[in-house]
Amino acid sequence: MTRISTLVATAVALALSASAAVAQTAAAKPTAAEANLNAMKRGVVEHVDGLAKVAQEAVDSVFSFGELGFQEVETSKYLTGLLEKNGFTVTRGVSGIPTAWVATFGSGKPVIALGSDIDGIPQSSQKPGVAYKDPILEGAPGHGEGHNTGMPLNIVAAIAVKRVMEREKLPGTIMLWPGVAEEQLASKAWFVRDGMFKDVDVTLFTHVGNNLNVSWGAGGGNGMMSVEYTFEGETAHSAGAPWRGRSALDAVELMSVGWQYRREHLRLSQRSHSIIVNGGDQPNVVPRNASIWFYFRENDQPHIQELWEIGNKMAEGAALMTNTTWTSRILGTAYPQHFNKPVADTVFANIQRVGLPEWSEADQALAKGLQKELGNPTQPGMATKLAEMGQPVKNEDNMGGGSDDIGDVSWNVPTVTLRYPSNIPGLPGHNWSSGIASATPIAHKGVVAGAKVQAMTILDLLTKPELITAAWDYFKNVQTKDVKYIPFLKADTPPAIHLNEAILGKYREQMKPFYYDPSKFPTYLDQLGIKYPTVRTTPPSPQQDEQH
Ligand SMILES: [Zn+2]
């Protein structure tokens, strides 16, 4: 494994030429085209190192905005501003989503699309660099998933590649797009439906992780339908004339209880969960309206459809029992993921060239301190060995899990997801703990390493037409040979852009004073006055222990 120092450009050049030299003696002499590509890759890695400050400012800024799905207003303003400043052309409000956009540079084929999510997690406000629960603003949303790092990675990679494209006069188009409202799985299927990817040759998606890796074939985890059921009854005085009322809340509760009974008789691979969005107005008024929001997750399209239909039947049953009526609307959807082998092989070769970042003692202390704080049985700290390439998961072995609507993109154009080490291993996810590393040197170094891989892969795709052909050959003749994409959305299913409006309405003004100001502070840690790392030195008190 060749390690690349994140800062020393000469070391980069030496390391890369050393690995190229090894490759030369081991294999045949490289062709002129290969030698030229290697030189371009060395150049793009230098550019990425030179953009480390841009990466840090973008990572810290998006972290400080802490916006939830469909409310990524400051985030999108900042990211598109950064892209325009660097010569990209931006189209805003795509698919009827105010915070969605597409940015492009270059022209003609191939078209390489770079995507990553940008939204946060409710109630995950957290001071970065502090290895225990310590919110910046109690109750506020935050980046408890680490989605603040992916677009900065793509933007740095795109700017670096743009410089090489301009110098070498390389044809092709770089297109960047944000995963809006990924936590609601509520944008990418709409982008696909509305034609965002119709001219795209390859999509390089990226998602925060705790190693530098990639996978191919069917991923683990589930696809999903997100459906809100609303019941309508009639109000009445709850004490004076309850027999005159019909309770929508009763229907919601019966549907919920019915689903818990049915759960025992569902396939082991399913995941399903719900929240009550509206439970009525006040106790002395029989609730006329009530709503329950379900995520139905399964391994493949027919089983997702089946789970959704069980939900519809249960809503019908609950309405019959309570003499109410019901309607439903789609709030999100995600296809199961399938990643492209030739592209994943290319990414993996670049991963091996870049290697993991060098973690400082402070990085390791933060990681180990948090792993201890969470009661993990072992505290290995940050990853120091590259992971193997992820292999396909057979449908019958897939016991389910999370979803990502990149699945919809992956069934329409050859796609891979690059994972990069901007977070600490061993965290529960969707939790304040995932924000701890997300605006620290761990996140910054992980982004720079990931951007190098992303940039080198774009150069591979721009200069090797045979690679695009191989990607589409796999897509057409392997991936989609027997399985076809059957969209869950109709032509007129609207995006659920109302989601999270109330939460941001409540917190945005209070969050503004904590936005990162790069003109005044070198890093967000400096702005918050946080000593890095801040790790608990005394054992947690019993009360804090109970939070685990
Ligand atoms: Zn995510």
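Residues numbered from 1 in each chain as written. Predicted model: local features only at pLDDT ≥ 70, side-chain atom pairs only at ≥ 80, totals over all residues. Heavy atoms only, no water.

(A) Just the coordination of the zinc ion, in detail. Taken together, Glu 145 (OE), His 147 (NE2) and His 207 (NE2) make up the protein donors of the zinc ion, found 2.0 Å from the metal. Using a relative accessible area of 16% as the deciding quantity, one classes Glu 145 as buried. (Donors = N, O, S within 2.8 Å, 3.2 Å for Na, K, Ca; no water. Buried < 20%, exposed > 50% of the residue type's maximum accessible area, 1.4 Å probe, protein only.)

(B) Here's a closer look at the packing of aromatic side chains. One pass over the structure, following the stated rule, counts 21 aromatic pairs. Ring geometry for Trp 259 versus Phe 296: centroids 5.1 Å apart, planes at 45°, classification tilted. Separated by 37 residues along the polypeptide, Trp 259 in helix H7 (residues 248–263) and Phe 296 in strand E9 (residues 289–298) bring together distant segments of the chain. Owing to a relative accessible area of 0%, Trp 259 belongs among the buried residues under this scheme. Look at Phe 296 and you get buried, because its relative accessible area is 0%. If you follow Lys 341 out to its NZ or CZ, it ends over the ring of Trp 216, 5.2 Å from the centre. It is Arg 536 that lies over the ring of Tyr 132; its NZ or CZ is 4.7 Å from the centre. (Phe/Tyr/Trp six-rings, centres within 6.5 Å; stacked < 30°, edge-to-face > 60°. Helix = DSSP H or I, 4+ residues; strand = E, 2+ residues; numbered from the N terminus. Lys NZ or Arg CZ within 6 Å of the ring centre and 35° of its normal.)

(C) Up close: H7. With 16 residues, H7 ought to run about 22 Å at 1.5 Å a step, and its terminal C-alpha atoms sit 23 Å apart, in line with that. Between a side-chain oxygen at the N-terminus of H7 and the backbone nitrogen of Leu 249 the separation is 3.2 Å; the capping residue is Ser 247. (Expected span 1.5 Å × (residues − 1). Polar contact = N/O pair within 3.5 Å; in protein donor to acceptor, adjacent residues only side chain to side chain.)

(D) Here's a closer look at the pairing of strand E4 (residues 172–179). Within E4, eight of the eight residues are buried, which leaves the element mostly enclosed by the surrounding structure. Sheet topology places strand E2 (residues 101–107) next to E4; five bridges connect them, and they run antiparallel. In the sheet register, Phe 105 faces E4, and the bridge partner there is Ile 174. The sheet contact formed by strand E3 (residues 111–117) and E4 spans seven bridges and is parallel. Looking at the pairing, Val 111 lines up with Thr 173 of E4. One crossover worth recording links E3 to the parallel E4 by way of helix H5 (residues 150–168), and it is right-handed. (Pairing = 2+ DSSP bridges. Right-handed = clockwise from strand over helix to strand, strands pointing away.)

(E) Inspection of the sheet that holds E9 at higher detail. Across the sheet, four strands lie side by side as E8-E9-E7-E10; this open sheet has antiparallel pairing. Across the chains shown, the open sheet's two edge strands, defined by having one partner strand only, are strand E8 (271–278) and strand E10 (325–334). The mean angle between the axes of side-by-side strands here comes to 20°, regardless of whether they run parallel or antiparallel. Looking at chain direction, strand E7 (residues 223–232) and E10 are connected through nine bridges and run antiparallel. Its bridge partner lying in E10, Met 225 is registered against Thr 333. The strands touched by H7 within the sheet are E7, E8 and E9, with E9 carrying the most contacts at an inclination of about 20°. The strands that helix H8 (residues 301–322) touches are E7, E8, E9 and E10; relative to E7, the one it contacts most, it runs at about 10°. (Axes fitted to C-alpha atoms, helices over the stretch in contact; angles between N-to-C directions. Contact = heavy atoms within 4.5 Å.)

(F) Main features of the nonpolar core. Counting 130 residues, the largest nonpolar core has Leu 176, Phe 197 and Phe 231 as its most contacted members. Sort the elements by how many residues they give to this core and helix H12 (residues 441–463) lands first, with 12 residues. When neighbours within four sequence positions are excluded, Leu 176 is seen to be in contact with Leu 83, Phe 88, Trp 101, Val 102, Ala 103, Leu 114, Met 151, Asn 154, Ile 155 and Ala 158. (Core = buried A, V, L, I, M, F, W, Y, C linked by side-chain atoms within 4.5 Å.)

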